[in-house]
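Summary of structural features
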Amino acid sequence: MAVTDAAAPPGAEDLPPLLLAGRAEAVRAALEGGVAVAAGPDAPDRGGPGEDGDGPQPCDALVITNLANGRWVCGFSGSAMIVVVAPDDLLVITDGRYATQAPAELAAAGVDGRVVIADRGDEQKEAAAAAVSGLGRLALEADDVSWSRYRRFAREWFPGAELLPATGVIERLRRRKSPEEAARMAAAAAAADDALAEVLPRLAERPTEGEVAAELDYLMRRRGSSGSAFDTIVAAGENSALPHARPGRRRIEPGDLVVIDFGAIIDGYRSDMTRTVCVGEPRPPGGRVYEVVRASQQAGVEAVAGGVPCADVDAVCREVINDAGWGEAFLHSTGHGVGLDIHEAPSLSSRSDEVLAAGEVVTVEPGIYLAGEGGVRIEDTVVVTDDGCRRLTCSPKTLVVG
Ligand code: ZN
Ligand code: ZN
């Protein structure tokens, strides 16, 4: 498959505007076409995904409580919101902290919606109930609503409506990124590339894992990132065998494999990249492990294209590692979607039955972890194209540094 590297992306201030006017309409079309519902306790006996066991269920409105999903629909980036997508209404309920920000962000995104500022729960309830009054069937986000909140919604907020535990309504729509979204992710990836390039020469000074992680976080912020895409991982020596190690006080010594996994956030959109490096030559079998993971990762990236099953990319990566005899040491799936969240659909795993589509942004990140010795992971974030992919994370893959 054709793989190209991203051209130098613009700085955050030069990004094209992210206009979201059509998104509420896309949600309405999805509701009309029918939403998947979470399986109830009796679903296995009935053999279907929903209460009725008969597949997608049409709905009149969606009550969005997941913050990233709400942001995706209307552009509001606050930390408290309920967004109601009804047939003729897009309602954003938030509190007084966001009285200025929420309307401004909707306007900047070109979104025609109503913002209701309500600090008290009963005011929020009244606004939401009025927006869906007369509608029969409301979809709630089953993967986001807690049990207690569901009971409140059912008894107090929407007592007259039928509530459906919908899954993945917005998440499916979020999979394909627009060029403007991909530009933000490219800018995030570039901030991370720059930060790593500045930090690597200093590994020879024997910093601790925690110092390197803090330095990366700081440098990404200096380059416009609003935060770390997730808790930065810097894992040296035996710690590199732990896929999700926390950076600590261990010093990076010559010969250690050092797994560095981190990302930036630009305008809400995240990047995700792992590089494994070593100051000087690694202790055996580090060099060989690196070569195998490098070959596996490259094969995986080259397998990515629109129309390719996610499980196939996983199989391609796994085969290289299996052939080298380390199949048992590849402890996780091959990759995941990235966007407003660090882990999104689709999943690049052996269990996935999904197919990649152009515009989706996914990671390819095989690894080998040898307990007590060390590990190697290499990860890129790529934009799927019709005939391959475009790499957003462009740091060199060079094991030996310093
Ligand atoms: Zn990562
Ligand atoms: Zn990842």
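Look above for the structure.
We now turn to the structure provided with this report. Everything quoted here is computed from the prediction, not taken from an experiment.

1. Remarks on the overall build of the protein
- Helix and strand content of the protein: 11 helices and 20 strands.
- Relative to the compact-globule value of 21 Å for 402 residues, the protein shows a C-alpha radius of gyration of 23 Å, a close match.
- With respect to the principal axes defined by its C-alpha atoms, the protein has extents near 70 × 50 × 40 Å.
- Classification of the 402 residues of the protein by burial places 53% in the buried group.
- Within the protein, residue pairs in contact and separated by at least 24 positions form 68% of the contacts whose partners lie at least 6 positions apart.
- Side chains of the protein carry 39 positive and 62 negative charges; the gap between the two charge centres is 4 Å.

2. Some thoughts on the nonpolar core
- Val 27, Leu 31, Leu 62, Val 73, Cys 74, Phe 76 and Leu 90 are the most contacted members of the largest nonpolar core, which totals 44 residues.
- Beyond its immediate stretch of four places on either side in the chain, Val 73 contacts Leu 20, Arg 23, Ala 24, Val 27, Ile 64, Val 85, Leu 90, Val 111 and Ile 170.
- Listed in part, the 30 residues of the second largest apolar core include Phe 330, Leu 348, Val 362 and Cys 389.

3. Concerning the sheet that holds strand S3 (residues 82–86)
- In spatial order, the strands read S5-S4-S3-S2-S6-S7; together these 6 strands make up an open sheet with mixed pairing. The sheet is open, and its two borders are formed by strand S5 (114–117) and strand S7 (162–166), each paired with just one other strand. Sheet twist, expressed as the mean angle between neighbouring strand axes with direction ignored, is 20 degrees.
- Bridging between strand S2 (residues 61–64) and S3 involves 3 bridges; their strand directions are antiparallel. Residue pairing across strands places Leu 62 opposite Val 85, the latter belonging to S3.
- Along the sheet, helix H1 (residues 23–33) makes contact with S2, S3, strand S4 (89–94) and strand S6 (137–141), crossing S3 at roughly 65 degrees.
- Docked against the sheet, helix H5 (residues 121–131) engages S3, S4 and S5, running at close to 170 degrees with respect to S4.

4. Examining the pairing of strand S15 (residues 361–364)
- The two faces of S15 match: Val 361 and Thr 363 on one face and Val 362 and Val 364 on the other face are all buried.
- For S15 and strand S18 (residues 380–385), the ladder comprises 4 bridges, and the chain directions are antiparallel. Across the sheet, the residue bridging to Val 361 is Val 383, located in S18.

5. As for the side chain of Arg 174
- Here Arg 174 lies in helix H7 (residues 169–174).
- The residues contacting Arg 174, other than those within four sequence positions of it, are Asn 66, Ala 68, Asn 69, Trp 72, Leu 340, Asp 341 and Glu 344.

6. Focus: the sheet that holds strand S20 (residues 400–401)
- The strand order across the open sheet formed by 4 strands is S8-S9-S12-S20, and the pairing between neighbours is mixed. Each having just a single partner strand, strand S8 (233–236) and S20 make up the two edges of the open sheet.
- Relative to S20, strand S12 (residues 273–279) runs parallel, the two being bridged by 2 bridges. Across the sheet, the residue bridging to Val 279 is Val 401, located in S20.

7. Quick notes on the coordination of the zinc ion (ligand 2)
- Around the zinc ion (ligand 2), the protein contributes the donor atoms Asp 272 (OD), His 336 (NE2), Glu 365 (OE) and Glu 379 (OE), which lie 2.1 Å from the metal centre.
- Around the zinc ion (ligand 2) sit 4 donor atoms, and with donor-metal-donor angles ranging over 77 to 150 degrees the site reads as irregular.
- The zinc ion (ligand 1) is placed at 3.1 Å from the zinc ion (ligand 2), the two being bridged by Asp 272. Of this pair, His 336 sits in strand S13 (residues 335–337) while Glu 365 sits in the loop between S15 and strand S16 (367–370), and the two are 29 residues apart along the sequence. Note on accessibility: His 336 and Glu 365 belong to one class, buried.

8. Focus on the packing of aromatic side chains
- Taken as a whole and judged by the stated rule, the model has 4 aromatic pairs.
- With centroids separated by 6.0 Å and ring planes inclined at 65 degrees, the aromatic side chains of Trp 157 and Phe 158 adopt a geometry described as edge-to-face. Assigned by exposure class, Trp 157 and Phe 158 land together as buried.
- A network of ring pairs unites the aromatic residues Phe 153, Trp 157 and Phe 158 as a single cluster.
- Seen from the ring of Phe 330, Arg 318 lies directly overhead, with NZ or CZ sitting 4.0 Å from the centre.

9. What about the coordination of the zinc ion (ligand 1)?
- Around the zinc ion (ligand 1), the donor atoms from the protein are Asp 261 (OD), Asp 261 (OD), Asp 272 (OD) and Glu 379 (OE), and they sit 2.0 to 2.7 Å away.
- If you look at the zinc ion (ligand 1), its 4 donor atoms make angles of 54 to 150 degrees with each other, and the shape they trace is irregular.
- All donors of the zinc ion (ligand 1) come from a single chain, and their spacing in sequence reads D-x10-D-x106-E.
- Overall, the relative accessible area of 3% leaves Asp 272 in the buried class.

10. Details of the pattern of salt bridges
- Enumeration according to the criterion identifies 30 salt bridges in this entry.
- Between Asp 341 and Arg 174 there is a salt bridge, with its nearest N and O atoms 3.0 Å apart. Note that Asp 341 is positioned in the loop between S13 and strand S14 (344–348) and Arg 174 in helix H7, a separation of 167 residues in sequence.
- Taking the shortest distance from any N to any O, the salt bridge between Arg 184 and Asp 267 comes out at 2.6 Å. Of the two residues, Arg 184 is situated in helix H8 (residues 179–199) and Asp 267 in the loop between strand S10 (265–266) and strand S11 (269–270); the sequence distance between them amounts to 83 residues.
- Look at the salt bridges and you will find they share partners, linking Asp 194, Glu 198, Arg 202, Glu 215 and Arg 223 into a network.

What counts and what doesn't
- Residues numbered from 1 in each chain as written.
- Chains lettered and ligands numbered in written order.
- Predicted model: local features only at pLDDT ≥ 70, side-chain atom pairs only at ≥ 80, totals over all residues.
- Heavy atoms only, no water.
- Helix = DSSP H or I, 4+ residues; strand = E, 2+ residues; numbered from the N terminus.
- Rg over C-alpha atoms; globule rule 2.2 N^0.38 Å.
- Buried < 20%, exposed > 50% of the residue type's maximum accessible area, 1.4 Å probe, protein only.
- Contact = heavy atoms within 4.5 Å.
- Lys, Arg positive; Asp, Glu negative; His and termini not counted.
- Charge placed at Lys NZ, Arg CZ, Asp CG, Glu CD.
- Core = buried A, V, L, I, M, F, W, Y, C linked by side-chain atoms within 4.5 Å.
- Pairing = 2+ DSSP bridges.
- Axes fitted to C-alpha atoms, helices over the stretch in contact; angles between N-to-C directions.
- Donors = N, O, S within 2.8 Å, 3.2 Å for Na, K, Ca; no water.
- Tetrahedral: all angles 85-135°; square planar, octahedral: opposite > 155°, others 65-115°.
- Phe/Tyr/Trp six-rings, centres within 6.5 Å; stacked < 30°, edge-to-face > 60°.
- Lys NZ or Arg CZ within 6 Å of the ring centre and 35° of its normal.
- Salt bridge = Lys/Arg side-chain N within 4 Å of Asp/Glu carboxyl O.

Read these as geometric descriptors, not functional statements.
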